[in-house]
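Structural overview for review
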Amino acid sequence: MPLSEHDLAAIRLTLELASLTTVLLLVVGTPIAWWLARTRSRLKGAIGAVVALPLVLPPTVLGFYLLVTMGPHGPIGQLTQFLGLGTLPFTFAGLVVASVFYSLPFVVQPLQNAFEAIGERPLEVASTLRAGPWDTFFTVVVPLARPGFITAAILGFAHTVGEFGVVLMIGGNIPEKTRTVAVQIFDHVEAMEYAQAHWLAGGMVLFSFLVLFALYSSRRFKAGLS
């Protein structure tokens, strides 16, 4: 049975959401991971725990508090209304914000591990050559941490594609606006349209396998080179 127009729309929206979220995660997650990898502050444990919270919190709990925070009476909601942007819940922009929060540890932790694995020696050499902090980061740290960036991007993208609870809490179920593949599968199952659900669910299983296969293959290839 071919995919319906609603199925294709859900796939397109999911890919757009995952792509935009991944870019924002790399922009936001990189400085956080760099700070966690380099700092000796006593706040490191607390900040690291906050970043990792989505790993253990039920998605509905995170979605509920994001819904309250971004709602008309929440601090973010009041700010967006003051700026004339309206409220974020039940919009694509709201999905992006929620996805960034929900997938943040899947980007920060691989980057933090990659930064910590670099060690002090390359940074000391760059310093003796009078390289500035920005120059050192982009010409020394980024190339050495490239496997971590690749892993972070893959995990961030894949995790966003598979979101359900947070997406449903923040975006609801609006066709072509907030209905992702996971929500579309739920709709098919609820309507007992198991054939359509199989098409989408099978595609998700194949996608997840290919992502993990690529990730583990790249790690094995890197280990073979070292």
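Residues numbered from 1 in each chain as written. Predicted model: local features only at pLDDT ≥ 70, side-chain atom pairs only at ≥ 80, totals over all residues. Heavy atoms only, no water.

1. Here we look at the overall build of the protein
- In terms of helices and strands, the protein carries eleven helices and zero strands.
- In the protein, the succession of helices and strands from N to C terminus is α-α-α-α-α-α-α-α-α-α-α.
- Here the C-alpha coordinates of the protein stretch approximately 65 × 50 × 30 Å along the principal axes.
- Evaluated residue by residue, the protein yields a buried proportion of 38% over its 226 residues. (Helix = DSSP H or I, 4+ residues; strand = E, 2+ residues; numbered from the N terminus. Buried < 20%, exposed > 50% of the residue type's maximum accessible area, 1.4 Å probe, protein only.)

2. Examining the nonpolar core
- In this structure, Val108, Leu111, Phe115, Val141 and Ala145 are the most contacted members of the largest nonpolar core, which totals 25 residues.
- Those elements that provide at least two residues to this core are helix H1 (5-38), helix H5 (92-118), helix H7 (133-144) and helix H8 (146-161).
- Among the elements that take part in this core, H5 stands out by supplying ten residues, more than any other.
- Excluding residues that lie within four positions of it along the chain, valine 141 makes contacts with Trp34, Phe115, Ile118, Leu123 and Thr136.
- Met70, Leu88, Ala98 and Val166 belong to the second-largest nonpolar core, a separate cluster that totals eight residues. (Core = buried A, V, L, I, M, F, W, Y, C linked by side-chain atoms within 4.5 Å. Contact = heavy atoms within 4.5 Å.)

3. Some thoughts on the UniProt feature "transmembrane region" in the protein
- Sites flagged by UniProt as "transmembrane region" map to residues 17-37, 47-67, 88-108, 150-170 and 197-217.
- The annotated region residues 47-67 carries 90% helix and 0% strand content, and the separation between its end C-alpha atoms amounts to 22 Å.
- In the segment residues 150-170, helix accounts for 86% and strand for 0%; the C-alpha atoms at its two ends are 28 Å apart. (UniProt positions renumbered as here; feature names shortened; annotations may be inferred.)

4. Quick word on the pattern of salt bridges
- For the coordinates displayed, the defined rule picks out three salt bridges.
- Put simply, aspartate 187 and arginine 179 hold a salt bridge, and the shortest N to O gap is 3.4 Å. (Salt bridge = Lys/Arg side-chain N within 4 Å of Asp/Glu carboxyl O.)

5. Side note on the side chain of serine 99
- For serine 99, the location among the structural elements is in helix H5.
- Apart from residues no more than four positions distant in its own chain, serine 99 is found in contact with Leu17, Thr21, Thr160 and Glu163.

6. Here we look at the packing of helix H2 (residues 44-56) against H5
- Two numbers describe how H2 lies on H5: the axes approach to 6 Å, and their chain directions differ by 130°. Of the possible angle classes, the one that applies to H2 and H5 is oblique. Along this stretch, H2 crosses H5, giving a crossing that reads as left-handed. Between H2 and H5, the residues in contact are Lys44, Val51, Ala52, Pro54 and Leu55 and Phe101, Tyr102, Leu104, Pro105, Phe106, Val108, Gln109, Gln112 and Glu116, respectively.
- For the contact of H2 with H5, the residue count by class is ten nonpolar, two polar and two charged. (Axes fitted to C-alpha atoms, helices over the stretch in contact; angles between N-to-C directions. Parallel < 35°, antiparallel > 145°, perpendicular 65-115°, else oblique. Left-handed = near helix turned anticlockwise from the far one by under 90°. Nonpolar A, V, L, I, M, F, W, Y, C, P; charged D, E, K, R; others polar.)

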